[in-house]
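Below, each chain spelled out in residue letters.
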Amino acid sequence: SITIPQLKYTIITDTTLQLVGALTYFDLIYVMTGGGPGNATRILPLHMYIAGFKSFDMGQAAVLGTVLLVVGLALSLGRLENGKPGERTMTTHKGFGRYVSGTLGWLWLVVTVVPIYYIVITSLRSQSSFYTENPLLPTGSPTLKAYADVFQNKFWMYFLNTVIVTVVSVAV
C-alpha cells in the first residue's frame, strides 16, 4: 500500500515545481490568445514580454521579472519544511571530488546570481540610461520610476490572472 509519509518529499518537490512552472505559462497564452480578448488573459510573463520586446520598456520588463522572481522564491521557500534532526544527511566528498563539487557549486552560484543581479540593476535604471551606461554596472542615478509605472498600470489584474492560471494548473 502507498502511504503519504513515504511520498512527502516527492509531493513537496512536485508541487513546488508545478507552482514555479505555472508562474511562467507564457507560451500557451501567447500562442492561443495573445493576452486577449482585451487583455483578459494577459498574465505577468506575457506582460513582461510585451513591455520589453514590443514596447521596448526594459525597465518595466525588469520590474516584472523581479516581481516574478520574488513570488517564485517566496512560493518555493514557503513549500520547504524543516525535517527532524538527523533526517537528512549530506554526502561529503573527499580528495578530487571535493574540488569538482566545489567548482560546480561556484559555477551554479554564478549562473544563478548574475541574471538576478542584471534584472535588479536593470529595474533601477531610467529608460534613457539603457543606451548610455554599462549594463552590468550599477547606475549612477537609480530610480524607482519603473516600479511606480508597473504598479499603476493594471498590474493587479495581470497578477490576479497569473494567480488563477497557477492555481488551476496546479489543481489539475
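Residues numbered from 1 in each chain as written. Predicted model: local features only at pLDDT ≥ 70, side-chain atom pairs only at ≥ 80, totals over all residues. Heavy atoms only, no water.

1. As for the confidence of the model for the chain
Then comes step 1: Averaged over all residues, the pLDDT of the chain equals 82, while 89% of them reach at least 70.
Then comes step 2: Across the chain, element-level confidence peaks in helix 3 (residues 44–54) with a mean pLDDT of 92 and bottoms out in helix 1 (residues 4–22) with 79. (pLDDT = per-residue confidence, 0-100. Helix = DSSP H or I, 4+ residues; strand = E, 2+ residues; numbered from the N terminus.)

2. Digging into the nonpolar core
Then comes step 1: Formed by Leu44, Val63, Leu64, Val67, Leu68, Ala146, Tyr147, Val150, Phe155 and Tyr158, the largest nonpolar core amounts to ten residues.
Then comes step 2: For this core, the secondary-structure elements that each account for two or more residues are helix 4 (58–79), helix 6 (145–152) and helix 7 (155–171).
Then comes step 3: Top element by residues in this core is helix 4. It accounts for four residues.
Then comes step 4: Setting aside chain neighbours within four positions, we find Phe155 in contact with Leu44, Leu64, Val67 and Val150. (Core = buried A, V, L, I, M, F, W, Y, C linked by side-chain atoms within 4.5 Å. Buried < 20%, exposed > 50% of the residue type's maximum accessible area, 1.4 Å probe, protein only. Contact = heavy atoms within 4.5 Å.)

3. Things to note about the packing of aromatic side chains
Then comes step 1: Considering all chains together, one arrives at nine aromatic pairs under this definition.
Then comes step 2: Centroid distance Tyr30 to Tyr49: 5.3 Å. Interplanar angle 70 degrees. Geometry classified as edge-to-face. On the criterion of sequence distance, the pair formed by Tyr30 in helix 2 (residues 26–32) and Tyr49 in helix 3 is long-range, its members being 19 residues apart.
Then comes step 3: Under the relative-accessibility criterion, Tyr30 is labelled partly exposed at 32%.
Then comes step 4: Residue Tyr49 is classed as partly exposed on the basis of its relative accessible area, which comes to 24%.
Then comes step 5: One aromatic cluster is present, formed by Phe26, Tyr30, Tyr49 and Phe53 through successive ring pairs. (Phe/Tyr/Trp six-rings, centres within 6.5 Å; stacked < 30°, edge-to-face > 60°.)

4. Points about helix 7
Then comes step 1: Here helix 7 spans 24 Å end to end across 17 residues, near enough to the 24 Å set by a 1.5 Å rise per residue.
Then comes step 2: Of all the residues in helix 7, the buried ones are Phe155, Tyr158, Asn161, Thr162, Thr166 and Ser169. The arc that holds every buried residue of helix 7, seen down its axis, measures 135 degrees, which confines them to one face. Looking at helix 7, the residues exposed on the side facing more than 90 degrees away from the buried face are Trp156, Val167 and Ala171. (Expected span 1.5 Å × (residues − 1). Arc of directions from axis to C-beta.)

5. Focus: a nonpolar patch on the surface
Then comes step 1: There is a patch of nonpolar side chains on the surface, built from Trp106, Trp108, Leu109, Val113, Tyr117, Tyr118 and Leu136 and spanning about 760 Å² of accessible area.
Then comes step 2: Here Trp108 is to be found in helix 5 (residues 96–123).
Then comes step 3: On the basis of relative accessibility, which here comes to 57%, the residue Trp108 falls in the exposed class. (Patch = residues over 30% accessible without salt bridge, like charges linked within 9 Å, V, L, I, M, F, W, Y side chains within 5 Å. Areas by Shrake-Rupley, 256 points an atom, 1.4 Å probe, with all protein chains shown as cover. Salt bridge = Lys/Arg side-chain N within 4 Å of Asp/Glu carboxyl O.)

6. Some remarks on the packing of helix 1 against helix 7
Then comes step 1: Their axes nearest at 9 Å, the elements helix 1 and helix 7 cross at an angle of 145 degrees. Here helix 1 and helix 7 pass one another in a crossing that is right-handed. Contacts from Gln18, Leu19 and Ala22 in helix 1 reach Val165, Thr166, Ser169 and Val170 in helix 7.
Then comes step 2: Of the residues that constitute the contact of helix 1 with helix 7, the class distribution is four nonpolar, three polar and no charged. (Axes fitted to C-alpha atoms, helices over the stretch in contact; angles between N-to-C directions. Left-handed = near helix turned anticlockwise from the far one by under 90°. Nonpolar A, V, L, I, M, F, W, Y, C, P; charged D, E, K, R; others polar.)

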